[in-house]
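Report on the structure
Here's the letter readout for the chains.
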Amino acid sequence: MGKPILRESPACRGPSSRREFLGWGAGLALGTSLGAAVAAPARAFAASEAKGPVRGGTLIMVLAGDPPTVNPCITTGVPDVAVGSLVYEGLTRLDRNFEPQPNLAESWTVSPDNLRYTFKLVQAKWQDGHDFTSKDVAFSLLQVSAKYGAKFRAAAEHIKSIATPDDRTVVIDLKGPFGPFLFSLSLYTNAGILPEHVFAGSDVLTSPATLAEPVGTGPFMLKEWVRGDHLTLERNPGYWRPGQPYLDRIIFKEIADPDTRVLALKAGEIDYIDFYYFPVTHYRDVAGDKKLQTREGGVPEDHLIILNVRRKPFDNPKVRQALFTALDREYIKKVVYANLGEVAKSAIDTRLAWAYNPEVDLGKIYPFDPKHAAAMLDAEGLKAGAGGKRFDLHLVYDSTAEGNDRLSQVVQSMWAKIGVNVIFAGSPRNVELPQVFTDWNFDATLQAYTTSGDPALGISRLYVTSAIKKAPFVNCSGYSNSEVDRLFAAGANAAGLKDRAAAYKAVQVILARDLPVFPIWQTALIYAASAKLKGKWAWSTADSYWEDVWMSS
């Protein structure tokens, strides 16, 4: 496999229209619950796909900017995973009901005590021609996912050993039962399988295969990356699933402005916008366009404000409670998120119904009341000065993420009414991420965290002490509470769902009191696409099944 061509975007911006993109792409190939509008496409899926898949064609989808990496094992960042998931794969993948299904593991057995998992692997090759083997699995899970994967952390803590008796067999022994273990072996949970022969002996975080030259087993291969403009992936001719993928190529077009993305979709310049990049304020306009389609789905995700509790006065839970009391989250839902989705009630998303504690409702515990919030700050000795100012708060956020600019302005206005001066620190994602997760240089930050479908995988990483590390999307607040650690561990380790739920319901009471993280909005997961896009797009986690997607004429 040749290395992808890497270029900086020229001043003329390269191919700017769909016609230019497709002509350029062909040359490269030769050279190398929201209503009927969302629900109807899903109901009509079988009928619309009845003619069967069409081979060939190019799909153009959106990114906001260059991904920091193309390695989905070391980050939960949306652009990194969007690109990396086309190249790398996991042992399992999740179906539309979020149940684990075979992937690089074609089958498995589980011992009666739930402590031993034996996997049989598919016969596949890496995109550089080397054989995929069980040693790649052991290396990836132990040396990469366990060390750098925020969503794999809980599973890694349960692994006792990994044996590789032959090239196509992997035996994983656990220290104790772990309910979501098979779920945890999907690429979605940072458990993608990497080639040992490429990564061994290198710094995984700075390896060329992490940053720009991925070598996977997946359906597509990165062929060219014009920095600041687009990435192109082409069909992997040696892909192990016969006859797939159907598409010739997938192009990621970088469009930083959310409104411009929708205009490009309506004009036919792009074909697909992931929920993360889709501005929900345009939902009704897109849903009413017969040339377009929308789907709702995906793993529940939450928009949050995370406080840096290492810093004063944010180390004081009473101050955090006052700041939360000054936020009108119902208003935020209406003006920032087009009245879609739901106001968050707890640290655990209500859509994880089995784990949510209905006795915890942050809106009732801390009803919006600016006057009371100001009195709470007074009681903590944070009196307003002559100009009404109490203290500054530096708010860090990804300026390219949909809604963040509007949310920051609304938060600034609300907190100004209680004498808190919000100083904006919005920047592109590749600047914002290290500022928050490596340098811890913030007072508060706007973030979106996926729940990963299970508190053990996607929520505990926000709060447990062991997740305080300089890595993306873990516990950047610095919050540490031994009882919270114990309860999250109990929820992960219990064999039965009832016992797991009991621990998670108890931890929500503590987190509602301590508030190191402000749950703001339960994301409306809306994907938008051309009506020509067929197959399993926006399926399950939206990061899998792209080999089973095609474009109709």
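Please read these numbers as outputs of a predicted model, since none were measured by experiment.

**Digging into the packing of helix 12 (residues 317–325) against helix 15 (residues 370–379)**
Where helix 12 meets helix 15, the closest approach of the two axes is 8 Å, and the angle between their N-to-C directions is 165°. For the element pair helix 12 / helix 15, the angle class is roughly antiparallel. You can see that helix 12 and helix 15 cross each other, and the crossing is left-handed. Residues K318, V319, Q321, A322 and T325 of helix 12 form the contact with helix 15, whose own contacting residues are H372, A373, M376 and L377. Taken together, the residues of the contact of helix 12 with helix 15 break down into five nonpolar, three polar and one charged.

**A word on the side chain of R93**
Structurally, the position occupied by R93 is in strand 4 (residues 92–94). For R93, a relative accessible area of 11% corresponds to the buried category. Here R93 is in contact with E99, P100, Q101, P102, N103, S186, R241, S544, Y545 and E547, once residues within four sequence places are set aside.

**Considering the sheet that holds strand 21 (residues 517–522)**
Ordered by their spatial adjacency, six strands build an open sheet running 17-21-16-20-18-19, and the pairing between neighbours is mixed. Strand pairing shows two members of the sheet lacking a second neighbour, strand 17 (342–343) and strand 19 (420–427), which therefore form its edges. Bridging between strand 16 (residues 301–307) and strand 20 (residues 444–450) involves seven bridges; their strand directions are antiparallel. Across the sheet, the residue bridging to L307 is A444, located in strand 20. Those strands touched by helix 12 are strand 16, strand 18 (391–398), strand 19 and strand 21, and its axis lies near 25° from that of strand 21.

**Observations regarding the sheet that holds strand 6 (residues 105–110)**
Taken together, the four strands give an open sheet; going across it, the order is 6-7-9-8, and neighbouring strands pair in antiparallel fashion. Strand pairing shows two members of the sheet lacking a second neighbour, strand 6 and strand 8 (159–166), which therefore form its edges. The sheet shows a mean angle of 20° between the axes of neighbouring strands, direction not considered. Along the sheet face, helix 5 (residues 134–148) touches strand 7 (116–121), strand 8 and strand 9 (169–174) and points at about 165° away from the line of strand 8.

**Structural notes on helix 16 (residues 404–416)**
Taking 1.5 Å as the rise per residue, helix 16 with 13 residues should run 18 Å; its terminal C-alpha atoms sit 18 Å apart, in good agreement. Along helix 16, the residues classified as buried are N404, L407, S408, V410, V411, M414 and W415. Projection of helix 16 onto a plane perpendicular to its axis shows the buried side chains occupying an angular sector of 165°, all on one side.

**As for the pairing of strand 12 (residues 230–235)**
Along strand 12, six of the six residues are buried, which leaves the element largely enclosed by surrounding structure. Bridge analysis of strand 11 (residues 220–227) against strand 12 gives six bridges, and the strand direction is antiparallel. Counterpart to E224 in the pairing with strand 12 is T232. Counted between consecutive antiparallel strands, the loop separating strand 11 from strand 12 contains two residues, among which G228 sits at a positive phi close to 80°.

**A look at the pattern of salt bridges**
This model, assessed by the stated rule, comprises 21 salt bridges. R500 is the partner of D454 in a salt bridge, and the nearest nitrogen-oxygen pair spans 2.7 Å. Here D454 is found in the loop between strand 20 and helix 18 (455–459), whereas its partner R500 is found in helix 20 (residues 497–514), with 46 residues between them in sequence. Looking at R500, the relative accessible area reads 5%, which means it is buried.

**With respect to the packing of aromatic side chains**
Evaluated as defined, the whole model comprises 21 aromatic pairs. Taking 5.9 Å as the distance between ring centres and 80° as the angle between the ring planes, the aromatic pair formed by W126 and F132 counts as edge-to-face. The exposure class assigned to W126 is buried, which follows from its relative accessible area of 2%. On the accessibility criterion, F132 (5% relative accessible area) is buried. A ring pair is formed by W354 and Y504, whose centres lie 5.9 Å apart and whose planes are at 70°; its orientation type is edge-to-face.

**Focus on the nonpolar core**
Core analysis: the biggest nonpolar cluster contains 103 residues, and F252, Y272, I305, L323, W415 and F518 have the highest contact counts within it. Counting residues per element, this core draws most heavily on helix 4 (residues 78–87), at six residues. If sequence neighbours within four positions are ignored, F518 has contacts with H303, L304, I305, L307, R320, L323, F324, L327 and W415. Of all hydrophobic cores here, the second largest spans 70 residues; its members include V137, A191, Y449 and L511.

Calculation criteria
- Residues numbered from 1 in each chain as written.
- Predicted model: local features only at pLDDT ≥ 70, side-chain atom pairs only at ≥ 80, totals over all residues.
- Heavy atoms only, no water.
- Axes fitted to C-alpha atoms, helices over the stretch in contact; angles between N-to-C directions.
- Helix = DSSP H or I, 4+ residues; strand = E, 2+ residues; numbered from the N terminus.
- Parallel < 35°, antiparallel > 145°, perpendicular 65-115°, else oblique.
- Left-handed = near helix turned anticlockwise from the far one by under 90°.
- Contact = heavy atoms within 4.5 Å.
- Nonpolar A, V, L, I, M, F, W, Y, C, P; charged D, E, K, R; others polar.
- Buried < 20%, exposed > 50% of the residue type's maximum accessible area, 1.4 Å probe, protein only.
- Pairing = 2+ DSSP bridges.
- Expected span 1.5 Å × (residues − 1).
- Arc of directions from axis to C-beta.
- Salt bridge = Lys/Arg side-chain N within 4 Å of Asp/Glu carboxyl O.
- Phe/Tyr/Trp six-rings, centres within 6.5 Å; stacked < 30°, edge-to-face > 60°.
- Core = buried A, V, L, I, M, F, W, Y, C linked by side-chain atoms within 4.5 Å.

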